[in-house]
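# Remarks on the overall topology
So the chains spell out like this:
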Protein chains: 2
Amino acid sequence: MERSTRQRDAIKAVIDSAQRPLSPQEILEGAQTQVAGLGMATVYRNLKSLLESNRLTVVTLPGENPRYESTGHSHHHHFHCTGCDKVFDVHHCPGDLLDIAPSGFTVERHELTLYGKCDVCSATPNP
Amino acid sequence: MERSTRQRDAIKAVIDSAQRPLSPQEILEGAQTQVAGLGMATVYRNLKSLLESNRLTVVTLPGENPRYESTGHSHHHHFHCTGCDKVFDVHHCPGDLLDIAPSGFTVERHELTLYGKCDVCSATPNP
DNA sequence: ATAGATGCAAAGAGTTTGCATAGGT
DNA sequence: ACCTATGCAAACTCTTTGCATCTAT
């Protein structure tokens, strides 16, 4: 069975407490404040097992390396602000996308990313 | 100015004639049928310049390496088959996603990816 | 003739894996 | 005691870059 180690607990804690998806590097640095000698391989191994058990979700933005966030939250999407480059959760969903796939195709799930200006950047014409 | 070479022409031709986004490897293999000695570095260099001049679009799917497709296809989305791992264009669109973003947010564009089984994989219970 | 383009190989960046050891159960 | 998890380093994959050569203009 899966053991509870200081490393694993630290990694989970960093991801769970984050307000946004984190890169492996950010996760490493965050967890290293609790477990000094933590290595990147351990981060990746834990990310992998967390992903396989669906406790983690990958967030892939164009041109950027993958980021990871806790699955605990309900189904949601992302809003990528083209002004400040932050990524926000969007908890609404267009739903019912089964009918837009070509006939014969079976839709299992979907990912939606919105691009635009967040509330702050919308209110600030020129940063 | 930009020169017209056999390599560049072959690379463009492969991408333009594809009905789906292609990986650098697929582009290399396709273009090599026309230009035997073509190297991967040349593919990447051309992808880069095509991207910079907006003649190409990156398609970045979670957990996948980037794929490339020619710009100028009308607005569409992607369907990622979890069976054969190919990516298909989806020309329908749920449209009108402005209202699902938080208030104060301005939506400029959106990306939608469907996951499931393509027609071939849907018809083949066990590969 | 000249400057951009190519091919090769080496270099980078990110991620994975083999192996000996530490540590949870 | 057993056996998973870790740390380190090497291996791997994907992408970029340096350099000599080629070639379109």
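Everything in this summary refers to the structure shown in the same document. It should be emphasised that the depicted structure is a prediction, and the values quoted were computed from it without experimental measurement.

### Regarding helix α1 (residues 6–17) of chain B
Residue and element names in this part refer to chain B. With 12 residues, α1 ought to run about 16 Å at 1.5 Å a step, and its terminal C-alpha atoms sit 16 Å apart, in line with that. Within α1, burial applies to Arg8, Ala10, Ile11, Val14 and Ile15. End-on view of α1: buried residues confined to an arc of 165 degrees, all on one side of the axis. Of the exposed residues in α1, those oriented more than 90 degrees away from the buried face are Arg6 and Ser17. Packed against the buried residues of α1 are α2 (24–32), α3 (40–52), β1 (56–59) and β2 (67–70).

### Considering the protein's contact with DNA strand C
The local shell around DNA strand C holds 22 residues, among which Arg3 and Tyr44 of chain A together with Arg3, Thr42 and Arg45 of chain B are the closest. A breakdown of the atoms of DNA strand C within 4 Å of the protein gives sugar and phosphate a share of 63%. At 2.7 Å from a base nitrogen of DNA strand C is found a side-chain nitrogen or oxygen belonging to Arg3 of chain B. Thr5 of chain B has a polar side-chain atom sitting 2.8 Å from a phosphate oxygen of DNA strand C. Elements with a contribution of two residues or more to the surface near DNA strand C: α3 (40–52) of chain A together with α1 and α3 of chain B. Of the residues in the surface near DNA strand C, the class split is seven nonpolar, eight polar and seven charged.

### A look at the interface of chain B and chain A
Taken together, the contact pairs 32 residues of chain B with 32 residues of chain A. Interface area for chain B against chain A, summed over the two sides, is near 2,800 Å², with a carbon-plus-sulfur share of 66%. The largest contributions to the chain B side of the interface with chain A come from Ile100, Phe105 and Tyr115 of chain B, which together make up 23% of the buried area. Remark: the boundary between chain B and chain A carries two salt bridges. Here Glu108 of chain B and Lys117 of chain A are joined by a salt bridge, their closest N and O atoms 3.0 Å apart. The interface formed by chain B and chain A includes 15 residue pairs in polar contact (both at pLDDT 80 or more). Put simply, the parts of the chain that give the side of chain B that touches chain A at least two residues each are β4 (87–90), β5 (106–117) and α4 (119–123) of chain B. Here the element with the most residues in the side of chain B that touches chain A is β5 of chain B; it accounts for 12 residues. Here the side of chain B that touches chain A is built from residues that sort into 16 nonpolar, 11 polar and five charged. The pairing of strand β5 (residues 106–117) of chain A with β5 of chain B spans 11 bridges and is classified as antiparallel.

The rules behind the values
- Residues numbered from 1 in each chain as written.
- Chains lettered and ligands numbered in written order.
- Predicted model: local features only at pLDDT ≥ 70, side-chain atom pairs only at ≥ 80, totals over all residues.
- Heavy atoms only, no water.
- Helix = DSSP H or I, 4+ residues; strand = E, 2+ residues; numbered from the N terminus.
- Expected span 1.5 Å × (residues − 1).
- Buried < 20%, exposed > 50% of the residue type's maximum accessible area, 1.4 Å probe, protein only.
- Arc of directions from axis to C-beta.
- Contact = heavy atoms within 4.5 Å.
- Near = heavy atom within 4 Å.
- Polar contact = N/O pair within 3.5 Å; in protein donor to acceptor, adjacent residues only side chain to side chain.
- Nonpolar A, V, L, I, M, F, W, Y, C, P; charged D, E, K, R; others polar.
- Buried area = accessible area lost by both parts, 1.4 Å probe.
- Salt bridge = Lys/Arg side-chain N within 4 Å of Asp/Glu carboxyl O.
- Pairing = 2+ DSSP bridges.

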